[in-house]
Amino acid sequence: MMNEKFKERLEQLSDLDRQLLGIKLSQIISAQSDSINTSSANRLVAYVEPKAEFDMNKMVSYLKGRLPGYMIPSPIILVDKIPRLPNGKIDQNSLRALQNSNFKKKEIQEPRTDLEQTLVKIWEEVMNFSPISIEDNFFEIGGDSILSIQIIAKARGMDIIIKPNQLFEHQTIAELSAFLDYNQGPTDQADAILTGEIALTPIQDWFFETHINAPNYWNHVIKLHIPRDFTIAELKKVIVGLIKHHDALRLCFMEEADTWKALIRTPKSENNVIVHTLHGFTNKKGQEIEIQRILRMNQAELSLDSSPLFRLLYFDCLGLQDDEHYLIAHHLIIDHVSWNLIIEDLKRGLKQSQNDLDIRFGPKIANLKDWSVFLDKLASSEKIIAELPYWKEQLTRRVNVPIDKGERQKFYSEKHASLNQIKLNRTISTALAETANLPYNTHTDELIIAAFIMTMTEWTKNSIVQFGMEKHGRPSNYAEIDVSGTIGWFTSFFPVSFQYTKEETLATLIRDVKEQMRNIPSEGIGFGILKYKTDHGEQLQGDPEVIFNYLGHQNKQNDNSMLSFQYHNALARHPESERSFIIEINSYFSDKILHVDIWYATEVLEPKTINIFMDNFQNSISEIIQHCLSKEEKDFTPSDFPEANINQEDLDNLLTNL
């Protein structure tokens, strides 16, 4: 039954408020029935039976104050009378008939101003498709938090400052543009050159705690593709500019009395661009072998306290093949989101160099010192301290995964890590990124996690699933800090646990995953703060044996620019480096195809076990997609109505009684 508090809240609503709530919930369901399996034309449609003079603008403003952006209906259709059945309920078939006669496929709304035109171009480049309408909802067309950072970075390079929360609050270009303008640059302080000692981030603390054997050799490697032949001097000029502009690229790390500390050095002339001329080779294969040898040697010789931790290796192939360029950065100073920012700045700098202009990059909003102060503030806040029981519960629900051989260890060796990959076909990938999310208002990663949970319970034969999760760590719900344009290692790592049995329906699983993911406190950054920045760290010991990471969309460049890139991480870690997990899963979209990389420790797992795991994982993803696409009605959960403070039981009762 509906709890008394909720009944009281309903009774306190005015007649108009109750009518709007009822119409809104009912008509969203019916309006979605016809569009649940379509793609780009999906829209929430509201039907209103006005009782007096009706003001459409006031109606929209009213809904915006009470509903998330993606649930604001478009269009809102005025009708003489809402059709009803003899029992008084809404006649959904008649409403669908009204929709079919009044609702046409969405037309592309062209940009009306220069600002909107620029934003459309940015969205099309990042989303990797066109045309995009100024009325398209960012999240409905496949957007996610990682893509939002790429949009913010591109906009910043064009002197348009978008705050991270703005894209979540104003999800169409038409609405977002009303809050933006050109030439809204940051303060001089944010763009100043930062030097001196700085506190480690929680993820850096984790690294030094778990990587003892070869902490100097744990990198990201990027292979650049530059069609135009730039001179070494031009490339070095841009690299030097990048290092001066981005403080993290000047980081070094020193160990004193078993404690590591970080220091940002002043910009100076260092050997950040290393040229290797490949003499004496008669074929490409020989050159490639030599390139790989030099890449390994360069990384092995790196020193955390003295070597540049960001550098470009330029291989002059003497006309035998195109010259090759590799960027190497230690993971301590960079993450996947940072690479997107660096590539944007590289393209900008190379174009400026090509046109004999001074090298200038997009402005930063907050620097690493700002971030350090922000973390210290959170560490002493009641909000973060209050999260301690939540994180302790996630850790106590530990489940060991089955092993095939050997003994369970604290660390496993990088040299014994093996990689298997899943690559879904384009049809399934497109459904997963778009239409499959409509029935439950899910995000793509939530459906992937649901499939992962199904696979884990099948493998472990346990209804409890615990794993470590990585997020990009750049929070969107803190207005006082904006590191969307800041280079660094911001990744947040935290444990999560779920419960699922085969007796439960897929609908229940999807609902539970969606709600639990959206109720992770502080977007997960609180766990690392509590563990490494407070006195509560001893209560948060014990890492999960499996880690899951969703990296979003890693699209190839589609703007016909002079620069494209690909990750080249096969040789980016020392063979003796430690792995804390038996299984590590990285999922991402590349050119709209879902890839799942599964690393596993061969010390304790056999290949056949992983093959079965992969098959089950892929089957689970397909099963969830099929379930979502076959669903005829919209399914709502409390997170769809954040202002209502309603639980699932009350929401179900309300919808049933409409």
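A brief look at the structure comes next. Note that the structure is a prediction, hence the values are computed from the model and not measured.

1. Thoughts on the overall build of the protein chain
A tally of regular secondary structure across the protein chain gives 22 helices and 18 strands. Out of the 658 residues belonging to the protein chain, those deemed buried represent 56%. If you take every contact in the protein chain between residues at least 6 apart in sequence, the share linking residues at least 24 apart comes to 77%. Taken as a whole, the protein chain presents about 29300 Å² of accessible surface, with 48% of it coming from carbon and sulfur.

2. A look at the pairing of strand β4 (residues 219–225)
When you tally the buried positions in β4, you get six out of seven residues, the bulk of the element. Where β4 meets strand β9 (residues 324–330), six bridges bridge the pair, whose relative direction is antiparallel. Residue pairing for β9: N219 is matched across the bridge by H330. As judged from the four bridges shared by β4 and strand β15 (residues 564–567), these two strands associate in the antiparallel manner. Paired with L224 across the strands is F565, a residue of β15.

3. Points about the pattern of salt bridges
Oppositely charged side chains can form a pair if their charged atoms are brought close together. Throughout the structure, instances matching the rule amount to 25 salt bridges. Notably, a salt bridge pairs K471 with D445, separated by 3.1 Å at the nearest N-O pair. Remark: D445 occurs in helix α18 (residues 444–460) and K471 occurs in strand β12 (residues 464–471); sequence separation between them is 26 residues. Residue classification places K471 among the partly exposed residues on the basis of a relative accessible area of 28%.

4. Comments concerning the sheet that holds β4
Spatially, the five strands line up as an open sheet ordered β7-β8-β9-β4-β15, and their pairing is mixed. Two strands close off the open sheet at either side, each with one partner strand: β7 (273–277) and β15. Strand after strand, the sheet turns through a mean of 25° between neighbouring axes, direction not considered. Where helix α13 (residues 336–354) meets the sheet, its contacts fall on β4, β8 (310–316), β9 and β15, and the angle it forms with β4 comes to roughly 30°.

5. Details of the environment of R112
Positionally, R112 belongs in the loop between α4 (92–102) and α5 (114–127). Through-space distance from the C-alpha of R112 to that of I134 is 8.9 Å; in sequence the pair is 22 residues apart. Filtering out sequence-adjacent residues up to four positions away, R112 remains in contact with I134 and A174.

6. Describing the nonpolar core
Counting 127 residues, the largest nonpolar core has F253 and F467 as the members making the most contacts within it. Here this core takes ten residues from α18, the largest share from any one element. Ignoring any residue separated from it by four or fewer positions in sequence, one finds F467 in contact with I449, F452, I453, F494, P495, V496, F498, P544, V546 and F548.

7. Here we look at the packing of helix α14 (residues 368–379) against helix α20 (residues 525–533)
Relative to each other, α14 and α20 sit at 80°, their axes nearing to 10 Å. Taken together, the axes of α14 and α20 are roughly perpendicular relative to one another. Along the contact surface, α14 presents F374, L375, L378 and A379, while α20 presents I525, I529 and K533. Each residue belonging to the contact of α14 with α20 can be placed in one class, and the counts come to six nonpolar, no polar and one charged.

8. Some thoughts on α5
Here α5 is 14 residues long and its end C-alpha atoms lie 20 Å apart, about the 20 Å a rise of 1.5 Å per residue gives. Along α5, ten of the 14 residues are buried, which leaves the element largely enclosed by surrounding structure. Listed as buried for α5 are L115, E116, T118, L119, V120, I122, W123, E125, V126 and M127. Turning to α5, the residues buried within the fold contact α6 (145–157), α7 (164–169) and α8 (173–176). Immediately beyond the C-terminal end of α5, within one or two residues, lies N128, with a positive phi of roughly 65°.

Parameters at a glance
- Residues numbered from 1 in each chain as written.
- Predicted model: local features only at pLDDT ≥ 70, side-chain atom pairs only at ≥ 80, totals over all residues.
- Heavy atoms only, no water.
- Helix = DSSP H or I, 4+ residues; strand = E, 2+ residues; numbered from the N terminus.
- Buried < 20%, exposed > 50% of the residue type's maximum accessible area, 1.4 Å probe, protein only.
- Contact = heavy atoms within 4.5 Å.
- Areas by Shrake-Rupley, 256 points an atom, 1.4 Å probe, with all protein chains shown as cover.
- Pairing = 2+ DSSP bridges.
- Salt bridge = Lys/Arg side-chain N within 4 Å of Asp/Glu carboxyl O.
- Axes fitted to C-alpha atoms, helices over the stretch in contact; angles between N-to-C directions.
- Core = buried A, V, L, I, M, F, W, Y, C linked by side-chain atoms within 4.5 Å.
- Parallel < 35°, antiparallel > 145°, perpendicular 65-115°, else oblique.
- Nonpolar A, V, L, I, M, F, W, Y, C, P; charged D, E, K, R; others polar.
- Expected span 1.5 Å × (residues − 1).

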